[in-house]
Amino acid sequence: MSDTPPNPQPMNGQTLDEVYFALATDWSLWQLDEAPALQRITETLAGVLQVKRASIWRLEGEAPDATLRSLDLYQASQGHSGGVELAQADYPAYFRALNQGRFIDAEDAEHDPRTREFARHYLQPLGIGAMLDATIRQTGQTYGVVCIEHVGGTRHWHDDEQRFLLSVSDLISQLLLYQATRDSEQRYRQLFNHAGDAIFIMDEDRFVDCNPKTLEIYGCSRADIIGSPPYLFSPPQQPDGRDSTEKALQLIDSALAGQQQQFEWRHIRLDGTPFDAEVTLVGLQLKNRPHLMAVVRDITRRKQAEAALRESETKLRRHAAHLGLLTDLAAQLHQAQDIEQVARQTLASLAQLSHAPSSGFLELEPDTQQLRVVATRGFETIDEALGHRLELTGTLTAIALADRQIVTSHDLHTDSRASAPVHHLLRTAGYHSTVVIPLLQGDEPLGALFLGFHDHYKPDETELEILNTVGRTVSLAMTNIRHMDTLAYRASHDSLTQLPNREALHQDCERRIAAMNSGQPCWALCLLDLNRFKEINDSLGHQIGDQALQHVAEQLREAATRLPLTPYRLGGDEFAILIHGQPDDDHYTDIAGAVLEAVRRPFRNDTVKLELSGTLGIAYYSEHASNSHELLRCADVAMYAAKAQTSSIQVYTPSLDTNTPERLALMAELGTAIRDDQLLLHFQPKVDLQRQTVTGCEALVRWQHPTLGMVPPDKFIPLAEMSDLIHPLTSWVMAAAIAALQRLRQHGFDLQLAANLSMQNLGDQNCTHDLARLLQEHPVDPGSFELEITESALMRNPALSLQQAERLRGLGIRLSVDDFGTGHSSLANLKRLQPHTLKIDRSFISDMLEDDADVIIVRSTIALAHGLGLSVVAEGIEDQPTLERLREMGCDQAQGYHIARPMPEAELVDWLRSGHWNAEPQALE
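Rules used throughout
Position labels on residues start from 1 in each chain and follow its written sequence. Restriction of local features to residues with pLDDT of at least 70 applies here, the model being predicted, together with a cutoff of 80 or more for giving and counting side-chain atom pairs; totals for whole chains, interfaces and linings are based on all residues. The side-chain values count all of the structure's non-hydrogen atoms but skip hydrogen atoms and water molecules. For this analysis, a nonpolar core means a set of buried residues of the types Ala, Val, Leu, Ile, Met, Phe, Trp, Tyr and Cys, connected via side-chain atoms within 4.5 Å. Buried residues are those whose accessible area, probed at 1.4 Å on protein chains only, stays under 20% of the maximum for their type, while exposed residues exceed 50% and partly exposed ones sit between those limits. A run of H or I in DSSP becomes a helix once it reaches four residues, and a run of E becomes a strand once it reaches two; helices and strands are each numbered from the N terminus. The contact criterion used is simple: two residues touch if any of their non-hydrogen atoms lie within 4.5 Å. Here a strand pair is declared whenever DSSP counts at least two bridges between the two strands. Geometry is summarised by axes, namely lines fitted to C-alpha atoms with helices restricted to the contacting stretch, and by angles between N-to-C directions that run from 0 to 180 degrees. Oblique is the label for any angle not under 35 degrees, not over 145, and not in the 65 to 115 range, which are roughly parallel, roughly antiparallel and roughly perpendicular in turn. Side-chain classes are defined by residue name, with Ala, Val, Leu, Ile, Met, Phe, Trp, Tyr, Cys and Pro counting as nonpolar, Asp, Glu, Lys and Arg as charged, and the others, Gly among them, as polar. By convention in these notes, a salt bridge is any Lys or Arg side-chain nitrogen within 4 Å of a carboxyl oxygen on Asp or Glu. Geometry of aromatic contacts follows a simple scheme: Phe, Tyr and Trp rings, the Trp one being its six-membered ring, pair when their centres are within 6.5 Å, and the pair is stacked under 30 degrees between planes, edge-to-face over 60, tilted otherwise.

Can you walk me through the nonpolar core in this structure?
It is characteristic of soluble globular proteins that their nonpolar side chains tend to be buried jointly. In terms of nonpolar packing, the biggest core is built from 79 residues, with Leu681, Leu729, Phe785, Leu787 and Leu886 touching the most fellow members. In terms of residues, this core owes the most to one element, helix α23 (residues 726-746), which gives eleven residues. The residues contacting Phe785, other than those within four sequence positions of it, are Met734, Ala737, Ile738, Leu741, Leu753, Ala755, Leu771, Ile813 and Arg814. Leu49, Leu71, Tyr74 and Leu476 belong to the second largest nonpolar core, which has 36 residues in total.

Dropping the structure here:
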């Protein structure tokens, strides 16, 4: 079995972009040591890409003797490990692929030429079918690799998965660089703090013993020093001009007299090299004889260390200040809404991080390959000459983007690389040096930051590191803004036609309604439906149908350039058009006619020519409705009226607003469907969260219409509830469900089966009689059949509902309150009803991981149900984290798409036999 479905769903309902953004902006990740930080990343990768193995490797050594050593290997069943090594000599093709590209997308790893050399010793024993590896780069070189391994069959790696992994590899590169910098500073301090001293013992004026550090300091052997006088290791005179021997004897006498001496002394090593030292001299008794102990500390090294410490502390303070500024910049850029805001905040931070008097922010326009001057600071004298667009050719920016690293020009007057006109402007304005910082998303160029200096400037290593960090931070912000812009565009536009979608329509209507209050002119909403479009799809195929829809969208866009209208695609072959202008029937109908004329322009491709037509319904704001949803409904009524009258355009009138012939026909056909067995049941499993076993299913009715195909339940159940058809429909569902329950027992599955009871059924005594008859006809345990009654239905007529519930309980049937929490039922009624189960509505489940209020409601409902002796079922489970949270909260059962979608009976049996949730058949008594 594969460890992930063909189209894996993002973790916690998040998109890959959102998961990456959460990682990149998680400051706590940077505070961790290397091992836990990498463990968090590999676990996140395994979860979001739904694989069982994710790892991070560091490249060590040079070709052909290079190796990859695992920094962290995460396996879902075994946790984290590391230290595994792969040698280039054993896997040359794989190492060559890493050096030649940014990633390896091996969909069939055993046969891919880049990875098949792993097959026998690695892939086959572990069951790995596909690999997605992205190299970790630092300073343009391969530093390591992040590896995603799919256990199971082959797997297609989607473009968004590849982009996501490349982004994460860049994040890992930044993290490892930061860790290395921090660790090197800590090691430096540790070495400095453990410096040793020389210690030796003298008897009168002769060395009699010493420690190894003494031999190291004086550069001699033990034989050279033992028995020698201290004068041998001193110059004739000390720096103060006094004779070394005379001064030493005076100090020795004072120490022997019990006065500790601490002084500085000029020494010479055995090779004659002088050095200064700090000496502590004390007298002591050894074997009843006076001796001297001297502790000698080399002041030269101490002073060097102190100087190094002062320099290090200065760097640390500067680094801390820069880190604070970078943290502030990252926080500000996280809140930025557009590139202009990013540019302003970046240039303000650069003014504090560098001493550059001038700076600029350039964005590379992908279409034109020109540099757009987004913002400048300090270039006021040449801003007008710069203009808003710069050619990329001949600029240092082009070199920085091509080489993907900072480019510095120490002297613009002699630098032959700076040949573009912009550099001439800089030279003329008195600039001598410049630094260009590339902005990149992986290998994709985004733009550049440039700094201008009036002197000859060359940044040191620390300054380059800071500027590199600024570049990465700004690049991430630009990438996130582009992602957000893309997501916002996708959320508001139809993917096929690129027209604004239904959500955009409602938002635009809300803005227009708000503008109306400010005296703006009225407007109208049209609903356009293409005529006989289904025939195009059925006869020519959906590809031609999609091309036809794109053709219509293009015609509507062209019409919008010359007419006061905005087109939208709602879905299928439905389009909406907002018409601007004064409330005038002729004005609106004239424009509607022009829209239909545009739609009628022939569609041609290489194989077909089509004549399209449409029908338009028009509704006016605010004559017909006061909000967009009601306007759309009115336009829909008018459009169907136009189709019924075989006209092209119809303005809404209240007289049209009745059930359409189509809906009435569908209602009539529903009765035939019930009698002719056009209905069928699908079953959605329920599982016991604590035992992790399948306990039952919910039976859900479906309508396989002979001409319309599968009709969704929300299309025909409301029709049934509006008429007496709900009673035969419910009878059919109960009969089919109890028969299915009996067949499932014959297959060896002892499950509970639930069916829904409508509000109208609560007042129908025949419902109880039908159930009693069915239970006699089918030898099933009544306790294995459950009826779900919505809380809102119970509240509609509590007294009648309680009477019916009592009759149903008399049959031995289990009762469940569905959608609990949405109907505001009283506890008294709930107690009198005596249900067996409460089903928590999906509206409280779907957002409970992000909404604390939902968590409180769910936890309280579980506690209430358990307090009343009831079982709790949570519906709408869409992901594993939600399921785990519900299990922790003590929820009894769950159902939802994460567990299984509704399925026909045959598929249910196969699903149960496959062993999902420990559902193997059992011998039944």
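What should I look at first to understand the sheet that holds strand β11 (residues 274-286) in this one?
Sheet strands pair by backbone hydrogen bonding; their relative direction is either parallel or antiparallel. Read from one edge of the open sheet, five strands run β9-β8-β12-β11-β10, paired in antiparallel fashion. Strands at the two margins of the open sheet, each flanked by one partner only, are β9 (206-210) and β10 (261-268). Across this sheet, the average inter-strand angle for adjacent strands is 35°, counted without regard to direction. With four bridges connecting them, strand β8 (residues 198-203) and β9 associate as antiparallel partners. In the sheet register, Met202 faces β9, and the bridge partner there is Phe207. Taken strand by strand, helix α9 (residues 244-256) contacts β8, β10, β11 and β12 (289-298), and its axis lies near 150° from that of β10.

How should I be thinking about the packing of helix α24 (residues 765-777) against helix α26 (residues 798-810) in this particular structure?
The description of two packed helices rests on the angle between their axes and on the distance between the axes. The interhelical angle for the contact between α24 and α26, taken along N-to-C directions, is 10°, at an axis separation of 10 Å. With respect to α26, the element α24 is oriented roughly parallel. Counted together, Gln765, Cys767, Thr768 and Leu771 of α24 and Gln804, Arg807 and Leu808 of α26 form the full contact between these two elements. Split by residue class, the contact of α24 with α26 holds three nonpolar, three polar and one charged.

Where do I start with the pattern of salt bridges in this structure?
Note on pairing: side chains with opposite charge can pair once their charged atoms come close. Scanning the entire structure with this criterion turns up 44 salt bridges. Two residues, Glu60 and Arg69, come together in a salt bridge whose shortest N-O distance is 3.0 Å. Linking Asp529 and Lys643 is a salt bridge whose minimum nitrogen-to-oxygen distance equals 2.9 Å. With Asp529 in strand β19 (residues 523-530) and Lys643 in helix α20 (residues 628-644), this pair connects stretches of sequence that are 114 residues apart.

Teacher, can you tell me more about the side chain of Glu875 here?
Position of Glu875 among the secondary structure elements: in strand β33 (residues 871-875). Overall, Glu875 belongs to the buried group, its relative accessible area being 7%. In this view, Glu875 contacts Asp818, Asp819, Lys839, Ile840, Asp841, Arg842, Ile845 and Gln895; residues no more than four positions away in its chain are not counted.

Would you explain unusual backbone geometry in this entry?
Leaving glycine aside, a negative phi is the common case for residues, and trans is the common case for peptide bonds. Ala63 connects to Pro64 through a cis peptide bond whose omega is 5°. With respect to the helices and strands, the residue Pro64 is situated in the loop between β1 (53-60) and β2 (67-75). The linkage connecting Tyr621 with the following residue, Ser622, adopts the cis geometry, with an omega of 5°. Residue position: Ser622 is located in the loop between β24 (614-621) and α20. Although it is not a glycine, Gln369 sits at a positive phi angle of roughly 55°. Here Gln369 is to be found in the loop between β13 (358-365) and β14 (370-377).

Would you mind showing me how to read the pairing of β12 here?
Regular strands show a simple pattern: their side chains alternate between the two faces of the sheet. Sheet topology places β8 next to β12; five bridges connect them, and they run antiparallel. Its bridge partner lying in β12, Ile201 is registered against Met293. Between β11 and β12, which pair antiparallel in sequence order, lie two residues; one of them, Lys287, sits at a positive phi of approximately 55°.

Got a minute to help me understand the packing of aromatic side chains in this structure?
To describe a pair of aromatic rings, one takes the distance between the centres and the angle between the planes. Under the criterion given, the structure shown has 16 aromatic pairs. Summarising the aromatic geometry, the rings of Tyr91 and Phe118 are spaced 4.3 Å apart at their centres and angled 15° between planes, so their arrangement reads as stacked. Here Tyr91 is found in the loop between β4 (85-87) and α4 (92-100), whereas its partner Phe118 is found in the loop between β5 (103-106) and α5 (119-126), with 27 residues between them in sequence. Each member of the pair, Tyr91 as well as Phe118, carries the same accessibility label: buried. With a centroid separation of 5.3 Å and 40° between ring planes, the pair formed by Phe379 and Phe450 is classed as tilted. A residue pair is termed long-range when its members are at least 10 positions apart, and Phe379 in the loop between β14 and α12 (383-386) and Phe450 in strand β18 (residues 444-453) qualify at 71 residues. Here the aromatic residues Tyr91, Tyr94, Phe95, Phe118 and Tyr122 are joined through ring pairs into a cluster of three or more.

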